[in-house]
Structure formats: C-alpha cells, structure tokens
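In case you want the letters, here they are:
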Amino acid sequence: QVQLVESGGGLVQPGGSLTLSCAASGRAFSRYFMAWFRQAPGRERTFIATISWSGGSTVYADSVKGRFTIFRDDARNTVYLQMNSLKPEDTALYSCASQTTPTGPLTTTRAYDIWGQGTQVTVSS
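A. Looking closely at the pairing of strand β8 (residues 78-83). Among the six residues in β8, five count as buried, and that is most of the element. Bridging between strand β3 (residues 18-24) and β8 involves six bridges; their strand directions are antiparallel. The partner of Cys 22 across the bridge, within β8, is Val 79. Note that strand β7 (residues 68-73) and β8 share six bridges and pair antiparallel.

B. Summary view of the pairing of β7. Residues Phe 68, Ile 70 and Arg 72 of β7 are buried on one face, while the alternating residues Thr 69, Phe 71 and Asp 73, pointing to the opposite face, are not. Remark: four residues form the turn of the hairpin made by β7 and β8, two consecutive strands paired antiparallel; Asn 77 in that turn has positive phi of roughly 50°.

C. Molecular detail of the nonpolar core. Judged by nonpolar contacts, the single largest core of 37 residues is most densely connected at Trp 36, Leu 81, Met 83 and Tyr 94. The set of elements that each furnish at least two residues to this core consists of β3, β4 (33-39), β5 (46-51), β7, β8, β9 (92-99) and β11 (119-123). If sequence neighbours within four positions are ignored, Leu 81 has contacts with Leu 18, Thr 19, Leu 20, Trp 36, Ile 48, Phe 68, Thr 69, Ile 70 and Tyr 94.

D. Region of interest: the state of the cysteines. Per the counting criterion, the structure on display carries one disulfide. In this model, Cys 22 is linked to Cys 96 through a disulfide, with the two sulfur atoms separated by 1.9 Å. With the S-S bond torsion at 55°, the cross-link from Cys 22 to Cys 96 turns out right-handed. Taken together, the residues span a long stretch of sequence, with Cys 22 in strand β3 and Cys 96 in strand β9 at a distance of 74 residues. Considered together, Cys 22 and Cys 96 belong to a single accessibility category, that of buried residues.

E. Representation of the side chain of Glu 6 in the model. Topologically, Glu 6 is positioned in strand β1 (residues 4-7). It turns out Glu 6 is buried and unbridged, and the closest side chain with the opposite charge, Arg 45, is 7.6 Å from it. A distance of 2.9 Å separates a polar side-chain atom of Glu 6 from the backbone nitrogen of Cys 96. Of the polar contacts made by the side chain of Glu 6, one reaches the backbone nitrogen of Gln 117; its length is 3.1 Å. The residues touching Glu 6, leaving out its near neighbours within four places in the chain, are Ser 21, Cys 22, Trp 36, Tyr 94, Ser 95, Cys 96, Gly 116, Gln 117, Gly 118 and Thr 119.

Analysis parameters
Residues numbered from 1 in each chain as written. Predicted model: local features only at pLDDT ≥ 70, side-chain atom pairs only at ≥ 80, totals over all residues. Heavy atoms only, no water. Buried < 20%, exposed > 50% of the residue type's maximum accessible area, 1.4 Å probe, protein only. Helix = DSSP H or I, 4+ residues; strand = E, 2+ residues; numbered from the N terminus. Pairing = 2+ DSSP bridges. Core = buried A, V, L, I, M, F, W, Y, C linked by side-chain atoms within 4.5 Å. Contact = heavy atoms within 4.5 Å. Disulfide = S-S within 2.5 Å. Lys, Arg positive; Asp, Glu negative; His and termini not counted. Salt bridge = Lys/Arg side-chain N within 4 Å of Asp/Glu carboxyl O. Polar contact = N/O pair within 3.5 Å; in protein donor to acceptor, adjacent residues only side chain to side chain.

Here it is in structure tokens:
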C-alpha cells in the first residue's frame, strides 16, 4: 500500500516561492501517475497538476500554468511542486495523490486512489 506524506508548506508573501514535497512509500512509485490538488476553506478540492509515471508528460490547471512546476525524483520516491509568483488566491491545503489503478480523467479527484494528509500554504503580506 502506497502512503504519501507532504511537506514544505508555510506562510509566504505575495510574489514569493515555495516548493512542496510529497514522499511516497512503496516500491512501485515510479509506475504511478502523481498529482497535486488543493482545497481552500469552504471550497471543493481542485486539480493543480499531474505528472506521468515517466515524468515525460505533465498537465496543469490554467490558474497555475506558467507559475507552478510539477516534477518527480523516482530515486527518492518523491514528487515536487515548485510554486512561483504566489498569489493570495493560492492559499489552500495542498495534497498529493497517486493513481495506482487507472480510473477517470487525470484532472479529476476520482482518478486517484491514494491521498496524503496535505500541507497548508498561506500567501499573505
């Protein structure tokens, strides 16, 4: 069973940067699509980015395109989310997810069956 643990969240000023990490247990990590989602208070969880098992294919939400980068290091069983030019509207609980069984479009929550607990990102001056 894959387990995911996020880290790297915190308080950052508008225009600043953060890099989130998601460490996965399990030997099959390199075979899974991985993704980041976020959920602001009172709102639904929304898709941010996904990366293929090879790392060769990525998809981003329009709201973060050009500012966020998802990448993975399979040797470390870790997927990252580099976030630049942060805005107050980026404030949310950020969670990573793993797709161990292909189901549903990769930009939807139902495509992923393993979730981490999340790490809080707050963008404020």
